[in-house]
Structures are given as C-alpha cells and as structure tokens.
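Architecture and fold: a report
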Amino acid sequence: GAGVSQTPSNKVTEKGKYVELRCDPISGHTALYWYRQSLGQGPEFLIYFQGTGAADDSGLPNDRFFAVRPEGSVSTLKIQRTERGDSAVYLCASSPLGQGSGANVLTFGAGSRLTVL
Amino acid sequence: AQTVTQSQPEMSVQEAETVTLSCTYDTSENNYYLFWYKQPPSRQMILVIRQEAYKQQNATENRFSVNFQKAAKSFSLKISDSQLGDTAMYFCAFMRRSGGYQKVTFGTGTKLQVIP
C-alpha cells in the first residue's frame with residue numbers, strides 16, 4: 001500500500017485479556033518499528049525488526065509483550081494479560097535500509113489506541 | 001544509550017511569526033541522523049526535516065530550517081512564517097546507525113500552538 005496501515009484503529013479491552021495489534025508496512029521496507037506513546041509523552045521504543053528477525057527487542061517492557069514478523073512484511077504486536085497501564089497508542093513505522101534518499105526515514109502509521117478497562 | 005531532551009513542553013507563536021524549538025541529545029556515536037517529526041491531533045507522525053551528522057550544512061525545507069551544532073549536541077528547529085496548520089506536537093529524534101542497524105530515540109515533545 002501507499003502508507004503504513006495499522007489495525008485496529010481503536011481497541012477497548014478488559015484487564016487480563018489478550019490483544020493483537022497489526023501493522024502492514026510499506027511494501028519493500030525492510031525495517032519495521034513498534035513504539036508505544038502514552039498521553040503527553042514521546043514515542044517509546046519497543047522493538048525493531050530487520051526483515052523477519054527482531055534485531056532489537058530491548059524496549060519490550062516485560063514478557064507479556066511479544067511481536068512477530070514471520071514473512072518480513074506484516075507484523076503483529078501481541079499483549080497477554082493486559083493491564084490498565086498498557087493503555088496507550090501503539091505506533092508502527094517502517095523504513096527502507098540502505099543509502100538512498102529515502103533510507104533511514106521512518107514512515108509512521110496512524111497508530112492503534114489501546115484502552116484497558 | 002542515546003538520550004534526547006526537549007526542554008520546552010509548550011510554546012506558542014503568533015501567525016506569520018518565527019519560532020524556534022530546542023533539542024539537545026547525548027551520544028558517543030559519530031554516525032547518526034537527527035529528525036524533527038510533527039504530530040497533529042490526528043496522531044499521524046509526519047517527517048518535517050532530517051539532518052545527517054556528517055553534513056555541516058544546516059538542512060532546510062521551505063519554512064522549516066535547523067540549527068545543527070554538532071559539538072554542542074544541539075539541534076533546534078526554526079519555523080518561519082508560522083501557519084495555523086503548524087499547530088501540533090513536535091518531536092526531535094535521534095537515529096543511531098551502526099552496521100545497518102538503526103534505532104530511533106525520541107524526545108518528549110514540544111506542543112506548539114499557532115495563534116491567529
């Protein structure tokens with residue numbers, strides 16, 4: 001597609017439930033990022049994929065959070081046993097790698113707003 | 001670890017005037033990029049401007065320009081002829097580049113209000 005697509009746009013769930021957030025990056029973008037943005041804060045790094053593998057998952061807050069990108073395109077962020085503190089906007093971004101003019105520039109999706117009641 | 005600091009939580013500017021947003025960063029890297037992103041209420045992050053650390057010339061994009069001071073680790077954004085559509089959160093970001101790996105760290109943002 002023309003841009004980064006994230007679904008759902010909004011998700012309301014109850015404490016303790018499992019949620020999946022999906023990111024469909026720009027076709028051909030090798031790098032994919034997940035960020036979490038709490039109200040009034042800057043995006044906080046969660047995980048970074050190069051292709052299918054997680055090159056850096058140091059931002060995942062605990063083992064309830066997991067992300068996959070099995071075919072090197074679509075990625076899913078999975079949150080188990082959700083807590084109220086998980087409420088935030090989850091942003092996905094993608095980028096080509098290399099030396100071209102578009103390389104290293106992140107293109108963001110509109111985010112998925114997660115509310116845990 | 002890299003840190004990015006934006007010391008101005010909120011700023012306002014009259015329409016058509018000029019405003020400068022501050023950003024400082026801390027890194028031991030020598031090869032990196034710096035960015036300013038804009039996030040309007042729609043929450044879509046939009047790239048405003050990019051600076052490569054090895055380039056001494058300050059980047060400009062129409063009404064947007066930066067003052068990049070590498071030794072001081074400072075990267076401010078100047079918006080000239082401010083327009084109502086410039087109202088948004090502005091985030092400074094640092095991208096480390098090392099062997100093809102690129103991690104991006106964001107500041108906490110500056111909320112800019114353009115007043116008619």
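Heads up: the structure comes first, above all this text.
These numbers were taken from a predicted model, which means no experiment stands behind them.

1. Quick look at the state of the cysteines
What the rule picks out here adds up to two disulfides over all chains. Shown here is the disulfide that connects Cys23 of chain A with Cys92 of chain A, its sulfur atoms set 1.9 Å apart. Residues Cys23 of chain A and Cys92 of chain A are joined by a disulfide whose S-S torsion is about -70°; by sign, that bridge is left-handed. With Cys23 of chain A in strand β3 (residues 19-24) and Cys92 of chain A in strand β9 (residues 88-95), the pair connects residues that are 69 residues apart, well separated along the chain. For Cys92 of chain A, a relative accessible area of 0% gives the class buried. At a sulfur-sulfur separation of 2.0 Å, the disulfide partner of Cys23 of chain B is Cys92 of chain B. Around the S-S axis, the bridge from Cys23 of chain B to Cys92 of chain B shows a dihedral of about -70° and counts as left-handed. One end of the pair, Cys23 of chain B, is in the loop between β3 (19-21) and β4 (24-26); the other, Cys92 of chain B, is in strand β10 (residues 88-98), and 69 residues separate them in sequence.

2. Concerning the sheet that holds strand β8 (residues 75-79) of chain A
Strand pairing in a sheet takes place through backbone hydrogen bonds and is either antiparallel or parallel in direction. Residues and elements named next belong to chain A. Read from one edge to the other, the open sheet built from four strands follows the order β1-β3-β8-β7, with strand pairing classed as antiparallel. Every interior strand has two partners, whereas the edge strands, β1 (5-7) and β7 (65-68), have only one. The average angle at which neighbouring strand axes cross in this sheet is 15°, direction not considered.

3. What about the packing of aromatic side chains?
Each aromatic ring pair is described using two quantities: the centre-to-centre distance and the angle formed by the ring planes. Counted by the stated rule, this structure contains 15 aromatic pairs over all chains. For the pair Tyr35 of chain A and Phe106 of chain B, a centre-to-centre distance of 5.3 Å together with 90° between the ring planes defines the contact as edge-to-face. One end of the pair, Tyr35 of chain A, is in strand β4 (residues 31-37); the other, Phe106 of chain B, is in strand β11 (residues 101-106), on a second chain. On the accessibility criterion, Tyr35 of chain A (0% relative accessible area) is buried.

4. Comments concerning the interface of chain B and chain A
Tallying the contact residues gives 20 residues for chain B and 34 residues for chain A. Here chain B packs against chain A, burying approximately 2000 Å² in sum over the two surfaces, 45% of which is carbon and sulfur. At the surface where chain B touches chain A, the tally comes to zero salt bridges. For the interface between chain B and chain A, the tally reads seven residue pairs in polar contact (both at pLDDT 80 or more). At the level of secondary structure, the elements contributing two or more residues to the side of chain B that touches chain A comprise β5 (32-39), β6 (46-52), β10 and β11 of chain B. Sort the elements by how many residues they give to the side of chain B that touches chain A and β11 of chain B lands first, with five residues. Split by residue class, the side of chain B that touches chain A holds ten nonpolar, six polar and four charged.

5. Observations concerning the pattern of salt bridges
Residues and elements named next belong to chain A. For the structure on display, the rule yields eight salt bridges over all chains. Measuring nitrogen to oxygen at the nearest pair gives 3.5 Å for the salt bridge that ties Arg64 to Glu83. Separated by 19 residues along the polypeptide, Arg64 in the loop between β6 (53-56) and β7 and Glu83 in the loop between β8 and β9 bring together distant segments of the chain. The structure contains a network of salt bridges with shared partners spanning Arg64, Glu83 and Asp86.

6. Details of the environment of Gly3 of chain A
Residues and elements named next belong to chain A. Residue placement: Gly3 occurs in the segment before β1. Relative accessible area serves as the criterion here: at 33%, Gly3 is assigned to the partly exposed category. The sequence separation of Gly3 and Glu71 amounts to 68 residues, and the corresponding C-alpha distance is 18 Å. Setting aside its immediate chain neighbours within four residues, Gly3 contacts Asp24, Pro25 and Ile26.

About the thresholds
Residues numbered from 1 in each chain as written. Chains lettered and ligands numbered in written order. Predicted model: local features only at pLDDT ≥ 70, side-chain atom pairs only at ≥ 80, totals over all residues. Heavy atoms only, no water. Disulfide = S-S within 2.5 Å. Helix = DSSP H or I, 4+ residues; strand = E, 2+ residues; numbered from the N terminus. Buried < 20%, exposed > 50% of the residue type's maximum accessible area, 1.4 Å probe, protein only. Pairing = 2+ DSSP bridges. Axes fitted to C-alpha atoms, helices over the stretch in contact; angles between N-to-C directions. Phe/Tyr/Trp six-rings, centres within 6.5 Å; stacked < 30°, edge-to-face > 60°. Contact = heavy atoms within 4.5 Å. Buried area = accessible area lost by both parts, 1.4 Å probe. Salt bridge = Lys/Arg side-chain N within 4 Å of Asp/Glu carboxyl O. Polar contact = N/O pair within 3.5 Å; in protein donor to acceptor, adjacent residues only side chain to side chain. Nonpolar A, V, L, I, M, F, W, Y, C, P; charged D, E, K, R; others polar.

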